[in-house]
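Residue-level structure breakdown
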Amino acid sequence: MAHGNKNEKVVYVGDSRVRKPSGAVAVPPDYTSFPGRSEAFIPNFLLKEWMVGCVVLVGFLVLTIAHPAPLGYPADPTNSAFIPIPDWYFLFLYQLLKYPWVSGDYVAWGVVGIPGVAFGSLMLAPFLDTGKERRFYRRPIASALMLLSLVACFYLTKVSWDFYQHELEVTGTVPEHITREEEAREAAMSGKEPPSATKPVEEVALVDADNADVKAIMEKAGCLQCHGTDLKGQAGAKIPSLHGVGDLLTKEELADIVTNGKGNMPPFGEQLSSEEINTLADWLAKQKAAGE
């Protein structure tokens, strides 16, 4: 009791001698009155985590259904200008494997060792760091390792992407998806059907393909090194196919390109004689679709 002082707080305490009814429903205590403590892990906290996980999973499923991942383009083994590169979330590991101490004779350490140590440490983190402190600035070792990992991943990803862009610039290569976007845009502007990655393109056969004189001129000029032995070119390097080139250019235009060059193609006016250029231009002008 308060002993006559009305402002004195009266605190009621339980009596351990009074038994709790055995049939009462076990209700988890309210931990909000205990500073520094949280609610019961099972089932309160775990149930909330499951509910949040279900909401995230449903949202992810809705996103994948509304915006499905696009299929990649069919592989072209004849495209020698293609520069392989993994998806962005593997760029850091792709760059890591370029260094000499994790490649060559040590590639197993780079592929299995370092990722194994990283993921193993992540799995063992709850058992290695048993401190009760949750504030990151009170856990310097764990926080420093986390920041170091994030900085390393970001740095390796940036270096790998910059080097890929440098290779594209040096080789003059345009990524295939950009080339196809430009072709689709041009087709849409001209009112034509955009090219399809899955629909096979009708191939224009070569006219007089066994012409010995033309083969000798092409070997002399090195045409096959860029346009390929099948003369289909390399789309990634913007080297056009010679199949059906007569439908696009006249004989005079073809002779001018061979003589003076155009774009990535060097001039051959000094390497080939005028008679050879005329023979080559005449043969190229015949490369038209059947029936034209």
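The full count for this structure, using the stated rule, is 5 salt bridges. Salt-bridge contacts for K215 lead to D210; the nearest nitrogen and oxygen are separated by 3.9 Å. The partner of K220 in a salt bridge is E276, with the nearest N and O atoms 3.3 Å apart. Taken together, the positions of K220 in helix α6 (residues 212–221) and E276 in helix α9 (residues 274–285) put the pair 56 residues apart, joining distant regions of the chain. Exposure remark for K220: the relative accessible area of 44% places this residue in the partly exposed category. Each of the salt bridges in this network shares a partner with another, and the network as a whole consists of K251, D282 and K286.

Mapped onto the secondary structure, H227 falls in helix α7 (residues 223–227). Polar side-chain contacts of H227 include one of 3.0 Å to the backbone oxygen of P240. When neighbours within four sequence positions are excluded, H227 is seen to be in contact with K232, G233, I239, P240 and L242.

Moving on, we get to the confidence of the model for the protein. Averaged over every residue, the pLDDT of the protein is 79; residues scoring 70 or more account for 79%. Averaged over each element, pLDDT in the protein is lowest for helix α5 (residues 176–189) (80) and highest for helix α2 (residues 91–96) (91).

Glancing now at the nonpolar core. With 18 residues, the main nonpolar core has M218, L254, V258, L272, L280, W283 and L284 as its most contacted residues. Contributions of two or more residues to this core are made by α6, α8 (251–260) and α9. Here this core gets 6 residues from one element, more than from any other, and that element is α9. In this structure V258 touches M265, P267, F268, G269, L272, I277 and L280, once residues within four positions along its chain are discounted.

Time to look at helix α3 (residues 107–128). A maximum bend of about 40° is found in α3 at L122, where proline P126 lies one to four positions downstream. Buried within α3 we find G110, G113 and P115. Each element contacted by the buried residues of α3 is listed here: α2.

Let us look at the packing of aromatic side chains. Considering all chains together, one arrives at 5 aromatic pairs under this definition. Centre to centre, the rings of W88 and Y89 are 5.5 Å apart; their planes meet at 80°, and the pair counts as edge-to-face. Judged by its relative accessible area of 65%, W88 falls in the exposed class. Judged by centre distance (5.5 Å) and plane angle (80°), the rings of F136 and Y137 are edge-to-face. For the pair formed by F136 and Y137, the shared burial category is exposed. Taken together through their ring pairs, the aromatic side chains of W88, Y89 and F90 make up a single cluster.

Quantified by volume, the second largest pocket comes out at close to 1,200 Å³. In this structure, the second largest pocket is lined by 26 residues; those nearest its centre are A118, S121, L122, L145 and S149. Residue assignment for the lining of the second largest pocket shows that the elements contributing at least two residues are α2, α3 and α4 (140–171). Ranked by residue count, the leading element in the lining of the second largest pocket is α4, at 10 residues. Looking at the lining of the second largest pocket, its residues break down into 22 nonpolar, 2 polar and 2 charged.

Rules of the game
All residue numbers refer to positions counted from 1 along the written sequence of the respective chain. Note on the predicted model: pLDDT of at least 70 is required for a residue's local features to be given, and 80 or more for side-chain atom pairs to be given and counted; whole-chain, interface and lining totals, by contrast, use all residues. Side-chain measures here rest on the full set of heavy atoms in the structure, leaving out hydrogens and waters. Definition used for salt bridges: Asp or Glu carboxyl oxygen within 4 Å of a side-chain nitrogen of Lys or Arg. Secondary structure follows DSSP: runs of H or I at least 4 residues long count as helices, runs of E at least 2 residues long count as strands, and numbering of each begins at the N terminus. Relative accessible area decides the class of each residue, using a 1.4 Å probe on protein chains only: under 20% of the type maximum gives buried, over 50% gives exposed, and in between gives partly exposed. Two N or O atoms form a polar contact when they lie within 3.5 Å of each other; inside protein one atom must be a possible hydrogen donor and the other a possible acceptor, and for residues adjacent in sequence the pair counts only when both atoms belong to side chains. A contact between two residues is defined here by any heavy atoms of the two lying within 4.5 Å. Per-residue confidence from the predictor is reported as pLDDT, a score between 0 and 100. To qualify as a nonpolar core, a set must consist of buried Ala, Val, Leu, Ile, Met, Phe, Trp, Tyr and Cys residues joined through side-chain atoms within 4.5 Å. To obtain the bend at a residue, axes are fitted to the seven residues ending there and to the seven starting there, and the angle between these axes is taken. Here a Phe, Tyr or Trp ring, Trp counted by its six-membered ring, pairs with any other such ring whose centre lies within 6.5 Å, and the pair is stacked when the planes are under 30 degrees apart, edge-to-face when over 60, and tilted otherwise. Using a 1 Å grid laid over the protein atoms alone, points where a 1.4 Å probe fits but cannot get out form a cavity; open sets with protein on both sides within 12 Å along at least 5 of 7 lines form a pocket; any residue with an atom within 4 Å of a point counts as lining. Grid points are joined across faces, edges and corners, and a volume is the space filled by probe spheres set on the points. Note on residue classes: Ala, Val, Leu, Ile, Met, Phe, Trp, Tyr, Cys and Pro are nonpolar, Asp, Glu, Lys and Arg are charged, and everything else, Gly too, is polar.

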